[in-house]
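# Report on the structure
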Amino acid sequence: RAFWGSTISFFLAFVGWFALSPIAVDVASSIGICENQMYPPEEYPKRKAYLKFKKVNTNEPYCRFGKVPNADNPTDCAEAGAGDDATLSKYNTEVLGSCICTAGTHCADTITYSG
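Residues numbered from 1 in each chain as written. Predicted model: local features only at pLDDT ≥ 70, side-chain atom pairs only at ≥ 80, totals over all residues. Heavy atoms only, no water.

## Concerning the nonpolar core
Residues A49, Y50, L51, F53, Y62, C63, C77, Y91, V95, L96 and I100 constitute the largest nonpolar core, which totals eleven residues. Among the elements that line this core, the one with the most residues is helix α4 (residues 48-51), at three residues. If near-sequence neighbours (up to four positions away) are discounted, C77 is found in contact with L51, Y62, C63, G66, K67, V68, K90 and Y91. Membership of the second largest hydrophobic core comes to five residues, among which are I33, C34, C99 and C107. (Core = buried A, V, L, I, M, F, W, Y, C linked by side-chain atoms within 4.5 Å. Buried < 20%, exposed > 50% of the residue type's maximum accessible area, 1.4 Å probe, protein only. Helix = DSSP H or I, 4+ residues; strand = E, 2+ residues; numbered from the N terminus. Contact = heavy atoms within 4.5 Å.)

Now the structure itself:
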C-alpha cells in the first residue's frame, strides 16, 4: 500500500511540476497579473520589462532605435537617428505579446513562488 501511495504521489508531483508549467503564462494572463495588463505600455512606456523586451522568434526589440544609456541597464528608448524613419515611434508596442511575464516582474514572482 505504501509503495503504491508513494508512486502515485510522485507521479502527481511530477505532472504538476513539469506538465503544468507551460500553461502558467496563460493562467497569468487570465487572472490579469501580466506586466502589460497591470501597466499598459501606452501609459507606462519606460517600464524595465518593456525596455528589455525582445521577441524570441523574430529578435525584434521593443526599443526600435536602441536603448539609453545602454542595453544592460536601460532607462528609456533612444530617439530616431539620422538614417532612421522619424515617423515611427521609438516604442514598438506591436512586438509585445499578450502577456509580458519576465524576470523581476510581479507576474514572474507570482508564478515562481505560487507553488
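## Considering the environment of C99
Checked against the element boundaries, C99 lands in the loop between β2 (76-77) and α5 (106-112). On the basis of relative accessible area, C99 is assigned to the buried category, the value being 14%. C-alpha separation for the pair C99 and A28, spaced 71 residues apart in sequence, amounts to 7.7 Å.

## So, the pattern of salt bridges
Applying the stated criterion across every chain, the model contains five salt bridges. Put simply, K90 and D76 hold a salt bridge, and the shortest N to O gap is 3.1 Å. Residue K90 is found in the loop between β2 and α5, and its partner D76 is found in strand β2; the two are separated by 14 residues along the sequence. Note on accessibility: K90 and D76 belong to one class, buried. Salt bridges sharing common partners tie together K46, D76, E79 and K90. (Salt bridge = Lys/Arg side-chain N within 4 Å of Asp/Glu carboxyl O.)

## Looking at unusual backbone geometry
Each neighbour pair has its own omega, and for V68 with P69 the value is -5°, a cis peptide bond. With respect to the helices, strands and loops of the structure, P69 is situated in the loop between β1 (67-68) and β2. With phi around 60°, N59 is a residue other than glycine that occupies positive phi space. Within the secondary structure layout, N59 lies in the loop between α4 and β1.

## Quick look at the state of the cysteines
A complete count under the given rule lists three disulfides for this structure. The partner cysteine of C34 in its disulfide is C99, sulfur to sulfur 1.9 Å. The sign of the -90° torsion about the S-S bond sets the C34-C99 disulfide as left-handed. Of this pair, C34 sits in the loop between α2 (24-31) and α3 (35-38) while C99 sits in the loop between β2 and α5, and the two are 65 residues apart along the sequence. There is a disulfide in this structure between C63 and C77, and the S-S distance comes to 2.0 Å. (Disulfide = S-S within 2.5 Å.)

## Some thoughts on the environment of N92
Here N92 shows up in the loop between β2 and α5. Sequence separation between N92 and R1 is 91 residues; the distance between their C-alpha atoms is 59 Å. Apart from the residues within four sequence positions on either side, N92 is in contact with E60, P61, Y62 and R64.

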